[in-house]
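# Architecture and fold: a report
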Amino acid sequence: KKNLTLLSAHQIELAKMLLGEGQSHLFAQWSEPGVEDEEKKSFFDQVALLNTSYPGGLVQYIRNARSLLADSKAGKNPFEGFTPSVPSGEVLTFGDDNFIMFEEAGIREARNAAFVLVAGGLGERLGYKGIKLALPLETTTGTCFLKHYIDSILALQDASCKLVGGNYQTEIPLVIMTSDDTHVRTLELLESNAYFGMKKTQVHLLKQEKVACLDDNNARLAVDPQSKYKIQTKPHGHGDVHALLYSSGLLKKWHDAGRKWVLFFQDTNGLLFKAIPASLGVSATKQYHVNSLAVPRKAKEAIGGITRLTHADGRSMVINVEYNQLDPLLKATGHPEGDVNCETGYSPYPGNINQLILELGSYIEELTKTRGAISEFVNPKYKDSTKTSFKSSTRLECMMQDYPKTLSPSARVGFTVMDTWLAYAPVKNNPEDAAKVPKGNPYHSATSGEMAIYRANSLILRKVGVQVADPILQVFNGQEVEVWPRVAWYPKWALTFSEVRKKVGAGCSVSQRSTMIVGGCNVFIENLALDGALSVKAVEDAEVKLSGSVQNKGWALEPVHHTDGSFPEEIRIRGFRFEKLDQMEVNETEPGKFSRVLEQKSV
Ligand code: UGB
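Now for a quick tour of the structure. (Residues numbered from 1 in each chain as written. Predicted model: local features only at pLDDT ≥ 70, side-chain atom pairs only at ≥ 80, totals over all residues. Heavy atoms only, no water.)

### Notes on helix α4 (residues 97–110)
- Along its 14 residues, α4 runs 20 Å from first to last C-alpha, staying within 8% of the 20 Å computed at 1.5 Å per residue.
- Along α4, the residues that are buried comprise Phe99, Ile100, Phe102, Glu103, Gly106, Ile107, Glu109 and Ala110. (Helix = DSSP H or I, 4+ residues; strand = E, 2+ residues; numbered from the N terminus. Expected span 1.5 Å × (residues − 1). Buried < 20%, exposed > 50% of the residue type's maximum accessible area, 1.4 Å probe, protein only.)

### Structural notes on the site of the ligand
- The local shell around the ligand holds 23 residues, among which Val118, Gln208, Glu322, Asn352 and Tyr424 are the closest.
- One of the backbone N or O atoms of Gly304 is found 3.5 Å from an oxygen atom in the ligand.
- Per-element tally for the shell around the ligand: the top contributor is strand β13 (residues 347–359), with three residues.
- Grouping the constituent residues of the shell around the ligand by class yields eight nonpolar, eleven polar and four charged. (Near = heavy atom within 4 Å. Polar contact = N/O pair within 3.5 Å; in protein donor to acceptor, adjacent residues only side chain to side chain. Nonpolar A, V, L, I, M, F, W, Y, C, P; charged D, E, K, R; others polar.)

### Side note on the nonpolar core
- Of all hydrophobic cores here, the largest spans 111 residues; its most connected members are Phe115, Leu133 and Leu146.
- With residues up to four places along the chain from it excluded, the contact list for Leu146 reads Leu117, Leu133, Ile176, Leu189, Leu190 and Phe196.
- Counting residues in hydrophobic clusters, the runner-up holds 29 residues, among them Val47, Ala212, Ala219 and Tyr229. (Core = buried A, V, L, I, M, F, W, Y, C linked by side-chain atoms within 4.5 Å. Contact = heavy atoms within 4.5 Å.)

### With respect to the packing of aromatic side chains
- For the structure shown, the criterion picks out 24 aromatic pairs.
- Their ring planes at 40° and their centres at 6.1 Å tell us that Phe145 and Tyr149 sit as a pair that is tilted. Residue Phe145 and its partner Tyr149 are both found in helix α5 (residues 145–164); the two are separated by four residues, about one turn of the helix.
- Among the residues examined, Phe145 registers a relative accessible area of 2% and is labelled buried.
- Connected via pairs of aromatic rings, a cluster forms that spans Phe27, Trp30, Phe43, Phe44 and Tyr229.
- The ring of Tyr168 carries Arg111 above its face, with NZ or CZ at 5.6 Å from the centroid.
- Above the plane of the ring of Tyr346 lies Lys298, whose end atom (NZ or CZ) is 4.7 Å from the centre. (Phe/Tyr/Trp six-rings, centres within 6.5 Å; stacked < 30°, edge-to-face > 60°. Lys NZ or Arg CZ within 6 Å of the ring centre and 35° of its normal.)

### Brief notes about the sheet that holds strand β24 (residues 522–531)
- The parallel open sheet is built from five strands, whose spatial order is β18-β22-β24-β26-β30. This sheet does not close on itself; its edge strands, each paired only once, are β18 (467–468) and β30 (592–602).
- In this structure, strand β26 (residues 542–552) lies alongside β30, joined through eleven bridges in parallel fashion. From the neighbouring strand, Asn552 faces β30, where its bridge partner is Ser602. (Pairing = 2+ DSSP bridges.)

### Regarding the pairing of strand β19 (residues 472–476)
- Both β19 and strand β20 (residues 479–483) contribute to a ladder of five bridges, which runs antiparallel. Within the sheet, the bridge partner assigned to Ile472 lies in β20 and is Val483.
- Between β19 and β20, which follow one another and run antiparallel, lie two residues, and Asn477 among them has a positive phi close to 50°.

### Description of empty space enclosed by the protein
- One pass over the structure, following the stated rule, counts five cavities of 30 Å³ or more.
- Here the largest cavity defines a volume of roughly 60 Å³.
- In terms of lining residues, the largest cavity is bounded by Leu461, Val466, Val504, Cys508, Ser509, Val510, Met516, Ile525 and Leu528.
- Counting residues per element, the ones that place at least two in the lining of the largest cavity are β22 (509–510) and β24.
- Here the lining of the largest cavity is composed, by residue class, of eight nonpolar, one polar and no charged. (1 Å grid on protein atoms, 1.4 Å probe; cavity = no way out; pocket = protein on both sides within 12 Å on 5 of 7 lines; lining within 4 Å. Points joined across faces, edges and corners; volume = space filled by probe spheres on them.)

### Notes on the sheet that holds strand β23 (residues 515–518)
- With respect to topology, four strands assemble into an open sheet ordered β21-β23-β25-β29, the strand pairing being parallel. In the strand order of this sheet, the two ends are held by β21 (486–489) and β29 (584–588), each with one partner. Pairwise comparison of adjacent strand axes, ignoring direction, gives a mean angle of 5° for this sheet.
- Both β23 and strand β25 (residues 533–538) contribute to a ladder of four bridges, which runs parallel. Note that in β25 the partner of Val518 across the bridge is Val536.
- Packed on one face of the sheet, helix α14 (residues 446–463) meets β21 and β23 and runs near 85° to β21. (Axes fitted to C-alpha atoms, helices over the stretch in contact; angles between N-to-C directions.)

### Brief notes about the pattern of salt bridges
- In the structure shown here, the tally under the stated rule is 35 salt bridges.
- Between Arg63 and Glu21 there is a salt bridge whose closest N-O contact spans 2.7 Å. A residue pair is termed long-range when its members are at least 10 positions apart, and Arg63 in helix α3 (residues 57–73) and Glu21 in the loop between α1 (9–20) and α2 (37–52) qualify at 42 residues.
- Exposure remark for Glu21: the relative accessible area of 7% places this residue in the buried category.
- For the salt bridge of Glu588 with Arg596, the shortest nitrogen-to-oxygen distance reads 2.6 Å.
- For Glu588, a relative accessible area of 6% corresponds to the buried category.
- Residue classification places Arg596 among the partly exposed positions, given a relative accessible area of 32%. (Salt bridge = Lys/Arg side-chain N within 4 Å of Asp/Glu carboxyl O.)

### Quick word on unusual backbone geometry
- The phi torsion at Lys387 lies on the positive side, around 55°, for a residue other than glycine.
- Considering the arrangement of structural elements, one finds Lys387 in the loop between β14 (376–378) and β15 (389–394).
- The class of Lys387 is partly exposed, set by a relative accessible area of 24%.
- If you check the backbone angles, Asn477 has positive phi at about 50° while not being a glycine.
- Positionally, Asn477 belongs in the loop between β19 and β20.

Below is the structure:
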């Protein structure tokens, strides 16, 4: 009370609000007026921020927390009354007629899309010091995830405009959700690389705020251990993206501009854009309000399972059930074995890869009701079985894929399953943890993430008739991986299967020890035998036809142990590097049409 004279009317309102919600302990250790007055004011700056960045404000946060903490203490099952079953969705086979049709439909729709990248996570499991978006997705070119994502969106933009024809031009927006942990470094990465060729006005950064930590079942907010004038905070989860988008006003702007689709994706999946055109085509063709991308999932694998939940009262929804909840849910509902593989060798519940495609009109309608608030959960670590106190403070969390939970049963919620090799290779686990992954389950490490790019590109080339050598097995950082020829290409060279087919003709072969980088747009390859390294660059208005035979010492893959401090962290975490012994380089710097017959034999 003595400190009241220091405060503005607004600050007094905030103090009253806290006292009204049982938070008087926050002021218990405050000094007399005249001592640490600036800190007291900054306490209210923080409270004001916590209040405005949560739908319904801090009062709502505290009340939601009390209710969820009571449910958790009572051991209430979040799926009470629901029975899980395997939902039906669109299962695509790469390269067949159906797939090609969906890809074309997706490219046509891409001009009406907006992309949202959630990149506020620190990536604690990976333990990498930088931001994950700055990591190379593969090291033949060293392209980082953010550049690859932007290149891919720009390639989609071009392809979509071309398909529509005429003078049609659009700029597909990209929103990046950051957090205090990633914001500055993401902005720096964009600024120092001229936004990787995107217009600055096309990119929007939205920073998520952390939420207050909770000390007990009564939702007493936790005082920061470092300062008695600060509330301790922790991340609220990727579900924040919906409230941020809603309050930013961008959704309305996009809708007014005729956009139809919002595509959400995560920070480190270098394969994702190979799956985007076809899955967007599925959304458009099936008129899905919500379409989740999924891959076949091994039982108990650490990705959520897409499940139909049917309530005793008749309600039904298709939703992601997180991996730690699916097994107990199945056991509790008449499946004593829990989450197990079926005859296909996979769990019957497809794995959620957290790539969502939402139809913008229905999305805006829903958010107008909810203001973007997403169903939350709390995960306190209790000291003992009385569940009366916590080992450390907790907080409410939310996930972006829980968006469909509030939708009406008439909403069209579907999913699209693609082969894992085509769609999903995240970089989440550090080398030590990845090496402990049970055999047959994916490592989700920098090693497997990079090898997955080469495998996918090799398999796509095989599908269009290139003789690509079989992979060999090698161990890097304790992980046994398939090593395919190191094939990498620029998204503008080819985004779809049809595009690869158009650009690669008959009579091509690539040996196992080869590295092939295609860095131009209009590069056509036919009757080319590669045994070594080949790098092709060409400016946008150069059209080059390549054929011939290239044989050189190539780029050797040298193992690097993750503990070897003489290499940068980006290299150590993948466990190998390239020793560039020799290569053939093609570099078309002038516009025009060229035909190059390559001849090299220098082994
Ligand atoms: N992220 C944020 O932007 N803000 C946050 O507060 C937290 C994260 P993780 P997670 O791909 O296999 C998800 O940590 O949450 C961003 C799905 O829930 O990599 O353990 C972060 O930057 C799960 O169902 O993953 O698991 C990153 O881009 C499954 O699909 C993204 O959110 C799993 O991903 C995901 O964060 C998966």
